[in-house]
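Working through the structure, step by step
In case you want the letters, here they are:
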Amino acid sequence: MRIVTPFTLLFCFFIGFHAPAMAQQQITLTKYTVKPGATEAGQVVVSPAAKGKAKVKLVGASAHLFTLGKDHTLKAKKAISEPWVDVVLAVGQGPSTVQDTFRLVKDEFITNRVIAHRGAFKNTGATENSIGALQHAIKLGCAGSEFDVHMSADSVLFVHHDHDVDGIHIEKTPAAELIKLKLPNGENLPTLEAYLQAGLQQNKTKLILEIKPSSLSKARGQALARKVVELVQKHKAQGWVDYISFDYDILKKVQELEPYAKVAYLNGEKAPAELAKDKMYGFDYHQSVLQKNPHWIEEAHRLGLTVNAWTVNSPDMMDWLLERKADFITTNEPELLLEKVRKLATE
Ligand code: MG
């Protein structure tokens, strides 16, 4: 929660007509996870960068559990015993203080490379992109569960694949109507907020959040990206969420708002070097793109990028990607891929 003191508001009121608006500073972290047994939690970043060094402080009830180095490296005094812990940071900006709470997650996330596409739905009876499908993916022990996000006419975020639900266009319909829609498994169409709250109950399966390009305008896609990042920040979910999109500018917007977010591009036409230049986390390309450009896998790894492929349901293609050390494989058949990964581990 950001806090601006009443004095600041008064100050801004008096100078508002004479001075250009001062950009609101924002605190983010380079990393929201802490390895089990370790204490280092990454660095605190203040953006936009102030003139001179920003004075960041640990505040609040948990302040005594952490130290903040001169280089803004945040450390816990001892290894985190709970699945996650909150830290409150404040930075002075002129006469006001910006304060925000961040959740540091103990990194017990599974690294078996299996991403359940739209949740684990195909063999479980859950509807795709339902909270039930997410919970099945968690129960199976997938490294990640993927889902798709759109924005209603009145800017509320919903999880669904298509632009419409049985002919009702999400972007042209208010949230009050969308919230009443039922999925085939009896759940209501989930809001992103409800979906995140379900995913944040655990720290084993990552939430792979696909921001769908708007079907109405490019600008609406940018607004959607902003709303998504703000909601993730509101729920302190940064440690759980990786982002993917077919719209490169949506990913760039995410990076602008959360500079160290893990973002991967879906569309397939950009070579690894271009993604590395733009500080992307990696690519998540259609399997046919990687079959056409198998050298991109090695190239990506050399550049420090992650490799993911969608939507891989054939056993042969799973083997092909596993042999080439793809970091993630997105599939409608997580059970089959989990079995393959387990077999590989025992060989
Ligand atoms: Mg998707």
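All right, on to the pattern of salt bridges then. This model, assessed by the stated rule, comprises 19 salt bridges. For Asp107, the salt bridge identified is with Lys35, shortest N-O distance 3.0 Å. Pair noted here: Asp107 is in the loop between strand 8 (96-106) and strand 9 (114-116) and Lys35 is in the loop between strand 2 (33-34) and strand 3 (40-47), with a separation of 72 residues, a long-range link. Its salt-bridge partner being Asp319, residue Lys340 comes within 3.0 Å of it at the nearest N-O pair. Of this pair, Lys340 sits in helix 11 (residues 334-346) while Asp319 sits in helix 10 (residues 315-323), and the two are 21 residues apart along the sequence.

For the rest of this paragraph, the subject is unusual backbone geometry. The phi torsion of most residues other than glycine is negative, and most of the peptide bonds are trans. In this model, Ser47 is joined to Pro48 through a cis peptide bond whose omega is -10 degrees. Looking at the secondary structure, you find Pro48 in the loop between strand 3 and strand 4 (56-59). Despite not being glycine, Ser155 has its phi angle at roughly 70 degrees, a positive value. Mapped onto the secondary structure, Ser155 falls in the loop between strand 10 (144-151) and strand 11 (157-159). Despite not being glycine, Lys325 shows a phi value in the positive range, around 65 degrees. Structurally, the position occupied by Lys325 is in the loop between helix 10 and strand 19 (328-331). You can call Lys325 exposed: its relative accessible area is 56%.

Two numbers describe a pair of packed helices, the interaxial angle and the distance between the axes. Taken N-terminus to C-terminus, the directions of helix 10 and helix 11 make an angle of 40 degrees; their axes are 11 Å apart at the nearest point. When the axis of helix 10 is compared with that of helix 11, the two are oblique. Like other packed secondary-structure pairs, helix 10 and helix 11 cross with a definite hand, here right-handed. Across the interface between the two elements, Pro315, Met318, Asp319 and Leu322 from helix 10 touch Leu336, Leu337, Lys340, Val341 and Leu344 from helix 11. Considering only residue class, the contact of helix 10 with helix 11 consists of seven nonpolar, no polar and two charged.

At a closest axis distance of 11 Å, the pairing of helix 4 (residues 192-199) and helix 5 (residues 218-234) adopts a crossing angle of 40 degrees. Considering their axes alone, helix 4 and helix 5 lie oblique with respect to each other. Between helix 4 and helix 5 lies a crossing whose hand is right-handed. Residues Leu192, Glu193 and Leu196 of helix 4 form the contact with helix 5, whose participating residues are Val228, Leu231, Val232 and Lys234. Here the residues of the contact of helix 4 with helix 5 sort into five nonpolar, no polar and two charged.

Below, the discussion takes up the coordination of the magnesium ion. Those protein atoms acting as donors to the magnesium ion are Glu146 (OE), Asp148 (OD) and Glu210 (OE), and they sit at 2.0 to 2.1 Å. If you list the donors of the magnesium ion from N- to C-terminus, the spacing comes out as E-x1-D-x61-E. Of this pair, Asp148 sits in strand 10 while Glu210 sits in strand 14 (residues 206-211), placing them 62 residues apart in sequence. The residues Asp148 and Glu210 share a single accessibility class, namely buried.

Basis of the calculations
Residues numbered from 1 in each chain as written. Predicted model: local features only at pLDDT ≥ 70, side-chain atom pairs only at ≥ 80, totals over all residues. Heavy atoms only, no water. Salt bridge = Lys/Arg side-chain N within 4 Å of Asp/Glu carboxyl O. Helix = DSSP H or I, 4+ residues; strand = E, 2+ residues; numbered from the N terminus. Buried < 20%, exposed > 50% of the residue type's maximum accessible area, 1.4 Å probe, protein only. Axes fitted to C-alpha atoms, helices over the stretch in contact; angles between N-to-C directions. Parallel < 35°, antiparallel > 145°, perpendicular 65-115°, else oblique. Left-handed = near helix turned anticlockwise from the far one by under 90°. Contact = heavy atoms within 4.5 Å. Nonpolar A, V, L, I, M, F, W, Y, C, P; charged D, E, K, R; others polar. Donors = N, O, S within 2.8 Å, 3.2 Å for Na, K, Ca; no water.

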